[in-house]
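Close look at the chain arrangement
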Protein chains: 4
Amino acid sequence: MYSISEPQTLNSSSMKITDFKSIVKNYEIIFFDAYGVLKNYNGLIDGIGKTFKYLKEEGIDYYILTNDASRGPERLAQVYHNFGLREITPDKIISSGMLAREFLQLKVANGTVAYLGKKHSEEYLHELGLNALSVSDLDLKNIDDINVLVFMDDEGFDWNHDINKIVNLLRKKNIPAVVANTDWFYPVSNNDIAIAIGGIANMVEAITNRRFIRFGKPDSNMFIFAYEHCAQGKKIDKRKILMVGDTLYTDIIGGNKFGIDTALVLTGTTLPHKAKKRINSTGIIPDYICHSAAIEL
Amino acid sequence: MYSISEPQTLNSSSMKITDFKSIVKNYEIIFFDAYGVLKNYNGLIDGIGKTFKYLKEEGIDYYILTNDASRGPERLAQVYHNFGLREITPDKIISSGMLAREFLQLKVANGTVAYLGKKHSEEYLHELGLNALSVSDLDLKNIDDINVLVFMDDEGFDWNHDINKIVNLLRKKNIPAVVANTDWFYPVSNNDIAIAIGGIANMVEAITNRRFIRFGKPDSNMFIFAYEHCAQGKKIDKRKILMVGDTLYTDIIGGNKFGIDTALVLTGTTLPHKAKKRINSTGIIPDYICHSAAIEL
Amino acid sequence: MYSISEPQTLNSSSMKITDFKSIVKNYEIIFFDAYGVLKNYNGLIDGIGKTFKYLKEEGIDYYILTNDASRGPERLAQVYHNFGLREITPDKIISSGMLAREFLQLKVANGTVAYLGKKHSEEYLHELGLNALSVSDLDLKNIDDINVLVFMDDEGFDWNHDINKIVNLLRKKNIPAVVANTDWFYPVSNNDIAIAIGGIANMVEAITNRRFIRFGKPDSNMFIFAYEHCAQGKKIDKRKILMVGDTLYTDIIGGNKFGIDTALVLTGTTLPHKAKKRINSTGIIPDYICHSAAIEL
Amino acid sequence: MYSISEPQTLNSSSMKITDFKSIVKNYEIIFFDAYGVLKNYNGLIDGIGKTFKYLKEEGIDYYILTNDASRGPERLAQVYHNFGLREITPDKIISSGMLAREFLQLKVANGTVAYLGKKHSEEYLHELGLNALSVSDLDLKNIDDINVLVFMDDEGFDWNHDINKIVNLLRKKNIPAVVANTDWFYPVSNNDIAIAIGGIANMVEAITNRRFIRFGKPDSNMFIFAYEHCAQGKKIDKRKILMVGDTLYTDIIGGNKFGIDTALVLTGTTLPHKAKKRINSTGIIPDYICHSAAIEL
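Residues numbered from 1 in each chain as written. Chains lettered and ligands numbered in written order. Predicted model: local features only at pLDDT ≥ 70, side-chain atom pairs only at ≥ 80, totals over all residues. Heavy atoms only, no water.

All names here are of chain C. Spanning 12 residues, helix 8 (residues 220-231) covers 16 Å between terminal C-alpha atoms, matching the ideal 16 Å at 1.5 Å per step. A large share of helix 8 lies buried, amounting to 10 of its 12 residues. Three or more residues of helix 8 are buried, namely Ser220, Asn221, Met222, Phe223, Ile224, Phe225, Ala226, Tyr227, Cys230 and Ala231. The backbone nitrogen of asparagine 221 has a side-chain oxygen 3.0 Å away, supplied by the residue at the start of helix 8, namely aspartate 219. At the exit of helix 8 stands glutamine 232, carrying a positive phi of roughly 50°. (Helix = DSSP H or I, 4+ residues; strand = E, 2+ residues; numbered from the N terminus. Expected span 1.5 Å × (residues − 1). Buried < 20%, exposed > 50% of the residue type's maximum accessible area, 1.4 Å probe, protein only. Polar contact = N/O pair within 3.5 Å; in protein donor to acceptor, adjacent residues only side chain to side chain.)

What follows concerns the nonpolar core. Most often, soluble globular proteins keep nonpolar side chains buried together rather than apart. Counting residues in hydrophobic clusters, the biggest one holds 98 residues, and the most contacted among them are Phe31, Leu65 and Leu104 of chain C together with Phe31, Leu65 and Leu104 of chain D. Once you skip the residues sitting within four places of it in the chain, leucine 65 of chain C turns out to touch Phe31, Phe32, Asp33, Ala34, Ile94, Lys217, Met222, Phe223, Ala226 and Met243 of chain C. (Core = buried A, V, L, I, M, F, W, Y, C linked by side-chain atoms within 4.5 Å. Contact = heavy atoms within 4.5 Å.)

With that out of the way, let us pick up the pairing of strand 6 (residues 112-116) of chain C. Residues and elements named next belong to chain C. Of all five residues making up strand 6, five are buried, and the element is well covered by its neighbours. Along strand 6, one buried face is formed by Thr112, Ala114 and Leu116 and the opposite face, lined by Val113 and Tyr115, is buried too. Judged from the four bridges that link them, strand 6 and strand 7 (residues 131-134) form a sheet pairing that is parallel. Bridging from a neighbouring strand, threonine 112 pairs with asparagine 131 of strand 7. Pairing between strand 6 and strand 8 (residues 146-151): five bridges, direction parallel. (Pairing = 2+ DSSP bridges.)

This brings us to helix 7 (residues 197-208) of chain D. All names here are of chain D. The end-to-end C-alpha separation of helix 7 is 16 Å, in line with the 16 Å expected for 12 residues at 1.5 Å each. Helix 7 sits mainly inside the fold: 10 of its 12 residues count as buried. The complete set of buried residues in helix 7 reads Ile197, Gly198, Gly199, Ile200, Ala201, Met203, Val204, Glu205, Ile207 and Thr208. Of the residues flanking the end of helix 7, it is asparagine 209, one or two places downstream, whose phi is positive at about 60°.

Next up on the list: the side chain of glutamate 122 of chain C. Residue and element names in this part refer to chain C. Structurally, glutamate 122 is set in the loop between strand 6 and helix 5 (123-126). Lysine 119 provides the closest opposite charge to the buried, unpaired glutamate 122, separated from it by 4.4 Å. Not counting residues within four places of it along the chain, the set of residues in contact with glutamate 122 comprises Tyr115 and Ala132. (Lys, Arg positive; Asp, Glu negative; His and termini not counted. Salt bridge = Lys/Arg side-chain N within 4 Å of Asp/Glu carboxyl O.)

What follows deals with the packing of helix 8 (residues 220-231) of chain B against helix 9 (residues 248-258) of chain B. All names here are of chain B. Packing of helix 8 against helix 9 leaves a shortest axis separation of 9 Å and a crossing angle of 70°. Taken together, the axes of helix 8 and helix 9 lie roughly perpendicular to each other. Relative to helix 9, helix 8 is oriented so that their crossing is right-handed. When helix 8 is examined against helix 9, the residues Ser220, Phe223, Ile224 and Tyr227 are found in contact with a partner set consisting of Thr250, Asp251, Gly254, Gly255, Lys257 and Phe258. The class makeup of the residues in the contact of helix 8 with helix 9 is four nonpolar, four polar and two charged. (Axes fitted to C-alpha atoms, helices over the stretch in contact; angles between N-to-C directions. Parallel < 35°, antiparallel > 145°, perpendicular 65-115°, else oblique. Left-handed = near helix turned anticlockwise from the far one by under 90°. Nonpolar A, V, L, I, M, F, W, Y, C, P; charged D, E, K, R; others polar.)

Moving on, we get to the sheet that holds strand 5 (residues 93-95) of chain A. All names here are of chain A. If you walk across this open sheet you meet the six strands as 5-4-1-13-14-15, and the pairing is parallel. Strands at the two margins of the open sheet, each flanked by one partner only, are strand 5 and strand 15 (288-290). With direction set aside, neighbouring strand axes in the sheet form an average angle of 25°. Direction of pairing for strand 14 (residues 261-265) relative to strand 15: parallel, over a ladder of three bridges. Counterpart to leucine 264 in the pairing with strand 15 is isoleucine 289. Along the sheet, helix 3 (residues 73-82) contacts strand 4 (61-66) and strand 5; its crossing angle with strand 5, the most-contacted strand, is approximately 125°.

A word on the interface of chain A and chain D. Of the residues lining the interface, 22 residues belong to chain A; the matching set on chain D comes to 22 residues. Looking at the side of chain A facing chain D, the largest losses of area belong to Trp159, Ile193 and Ile207 of chain A, adding up to 27% of the total buried there. Summed over the shared surface of chain A and chain D, the result is two salt bridges. Here aspartate 192 of chain A ties to lysine 172 of chain D by a salt bridge, and the two come within 2.6 Å at their closest N and O atoms. The interface formed by chain A and chain D holds 12 residue pairs in polar contact (both at pLDDT 80 or more) in total. Elements with a contribution of two residues or more to the side of chain A that touches chain D: helix 6 (159-172), strand 11 (193-195) and helix 7 (197-208) of chain A. A per-element tally of the side of chain A that touches chain D places helix 6 of chain A first, with eight residues. Along the lines of polarity and charge, the residues of the side of chain A that touches chain D split into 13 nonpolar, five polar and four charged. (Buried area = accessible area lost by both parts, 1.4 Å probe.)

Helices that pack against each other are described as a pair by the angle of their axes relative to one another and the distance between those axes. In contact at an axis separation of 8 Å, helix 6 of chain A and helix 6 (residues 159-172) of chain D are set at 95° when each is read in the N-to-C sense. Between helix 6 of chain A and helix 6 of chain D, the interaxial angle falls into the category roughly perpendicular. Side by side, helix 6 of chain A and helix 6 of chain D meet where Trp159, Asn160, Ile163 and Asn164 of chain A of the first sit next to Trp159, Asn160, Ile163 and Asn164 of chain D of the second. Residue composition of the contact of helix 6 of chain A with helix 6 of chain D, by class: four nonpolar, four polar and no charged.

So, on to the relation of the copies chain A and chain B. Of the transformation placing chain A onto chain B, the axial shift is 0.0 Å and the rotation is 180°, giving an RMSD of 0.0 Å. Accordingly, the operation relating the two chain copies is best matched by a two-fold axis. Here 100% of the interface residues in chain A have copies in chain B that are interface residues too; the copies meet face to matching face. (Least-squares fit on C-alpha atoms with pLDDT ≥ 70 in both.)

Remember, this is a structural readout, not a statement about activity or role.
Listed below in structure tokens is the structure:
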């Protein structure tokens, strides 16, 4: 809650750091961002394994909310499994790709889905009974069957050739374009980043002057999808859900807008010495700031 | 559904118009936009009264989704009542102001809400146990108690003086800013429009370089709020909900993204002779196009 | 010049401060920004009087480039005269308002100029042989004679009423709209700012979806106007001109793009402890950084 | 001139088409856009050869203003020569690439220019005494000598690999980034377009949050460069210059802002049946509309 007693004001000379364990026990469900909170390019964030042991013991439920459409939940969970973190099972994963899939299921009756992404991105399209066609294999002279375009992943196609191909596809046929990951870029090492499919989609949208349909944080649809997934028909008090993230522009503003409490951790994109300045300059105010989502048992 | 059999393509020479009555019976719940669908500056759209009689007889539920925070649901429903349309009761109204109120309830524990709007905009803030203070009455030397700023309505304050006041309020104190109506403008007569509070909020956000929290169509939060309001804990198949609107950029893209079917009516901002061109140039494709939401009984 | 020997790189641990006097003597003409360089809300910047004495003695020419259309050059020069700085005469003033006037002279043959601004803003429109009409006095039913709209100043009209009036003027008649000051805001005291006419113009442009014509820094037209004004037909080597400003986004990037050298001073919007960070995060790199444009004689 | 006697108003029922020959004789200098005015993907626009014969006979000077940095003026002129149009010699070409070169000459003293583009794009960088390095050959571990980045052409590099490389280059070293062609896309056939380097630069600028320096129409710097090029120190009355273009957003608004008269031709991007609507919806108003820049002798 934004509280008058402890405001993060422009003039406040200190920024209060809270211990993650001391706050997490006040909630029934925790939503975690993945990259920068649970893992980074090196592997798991130090001590994060104990956090999930603690949550299990205390009966606190948890979900991973991730802007990712490159893989289905099984493969996304497998990554944690490979790191030795077995508490993150496929049913705990909420990805922007799953939202895009639900959209296709509800709104695209038949025909072929053209997609930008790696071949195995199409795995979970098949379950929908839709044909999937990589843009790499698309022939602009044969587009009668194409009913929707999906931006899934930045890999698996030739940017020089295939980005121009989709610009012309959208000019030739009026079909909805779906962006299954809103991120503009992602880290690939301690120092380097790569442009994400959401960044490419922005360029194509500007050039074609269309309105694309986007899935992923900070949009409310990601949070409501997670909420429905965990509530399973029960009514859950939003005051009992905490969003934990490292990025003000996605995790924190998205959680705030959805009406749940938010905790910023300093293990990812928001560096410890810049957190206060960033909060003040953006007006995006987390309810808590914690060094890390790790818990000492 | 986007269907391969009847594509609204760039090259299609015709645009199919569907009779509203013939489609409405396929749904259990209808979401209506208000302005341009049910009413305009002159009063009710011709024949709209019969539509609600028909829906009641057929047991089809309905809700009005409106970007409006100038009044509470009682006053919004009263407008229809005054026109003789008694089927639209306060419980049928879903307004962006109600979403903003829920946000305040969940995220602002105490203190004072500063707002831009008319005095009676603050009516439903009082129910929350929060103090409300019109920006007209705000003194920048006395802002310790202000915990949030809400953009509610374009009337009720002095633009010359008070817009600059809130720019400086946001520079002096880091508080969340909530936009309770995303619209940029609204019609005031057959020919003239007026800037809405969402348009003013955009200017203030750009100048202060903050990120505001917005409520209203086309954002998913408006649709999920309506969905939860009508579902009351039951599970409703989204395929059984139809969104009816006159504006591609709010009603139609918002409904599409939420995964429900959409019908564009031509009684408001999208003029009949421009509908096809607009659909093709924006890539926002309704499932149906109808002359009007009126039903001949 | 961007020099490989002294790069302002992201990783450089120091930021070199240069003495203004030591660099100014290498140039034949100095362009000064006004607010934050020569004066602020308190009056003249300390020691700035000596700078102009020095420039006169050394035979270095100088001009003031200011985003201001609220007054003609005589009134703008009068402000410095009142502070005791008599070297800044009307012929030394280059304002964005003068560019707008040249545009009207070249492109508007006859009819009436509707303007937003104070009555005395219209003084120098009369010299053009054009009628001028304050938007305050404009009647939307009588617009046959209106041939252009000019955004001149944020004062002199009723924002609540007159901003909506111009939105509808632009919808009723297709006339060019000219923004005679690109600034979004300006300081009114040590702590407070006010929205400038450029900020209001942005809102109106977005709502009407038109393309306005803008005059002022950082646009090249401001620099070429100053160049032509001082060159008077002679060819001047751009390498002999220095732009001195306090704002990266207008003075420095504008000067760089025009191909002249640039000096950032720290007496205005770019605070000394933030200069390095701002330069690195924006990629807008001045050739020199000086504490102030004041010169010790 | 915008004239009250023949306004292109929203309510006017007709759009006046003027014969190109009848207006061209009123000017001393004609600025032509290239693509869509003089040539298209098929070759020369019908009858355009006679226009240049006429201009020569009448002693009317002419220049080609083109957003192109892929080649120097010799190669650009060669294209017309190959079509049999010998009046367009290298000295008649004003390209955005020439502006970028002037910027480098004035502002980059030494070191290496990293560029995106084909090998022969670098031809005219060598004349400046600067080293040029294709981004294809750039090693991020060896960037000490890189002093500026130039976006020249969309061909000649691997988009998948090299666009990410420049994103990280700009994160590692704070150097100016120059966009030598502002266009977002260009036509490659009657139906298809390709993304231009200006479109790619927009994506990189958004992702790195930098401010790039752009050269090309509609920016005033293109027009003033052409003006200085043809004036050669003489004073030319701007009323004696006409800009002829096919695109409202670049040629026409740029010419209007520069204060010269403008003629829209309908042989390129602005289709005859859409011209009136486009002019009315954008508020970009040419002084004349002509079917073509071709002249019947």
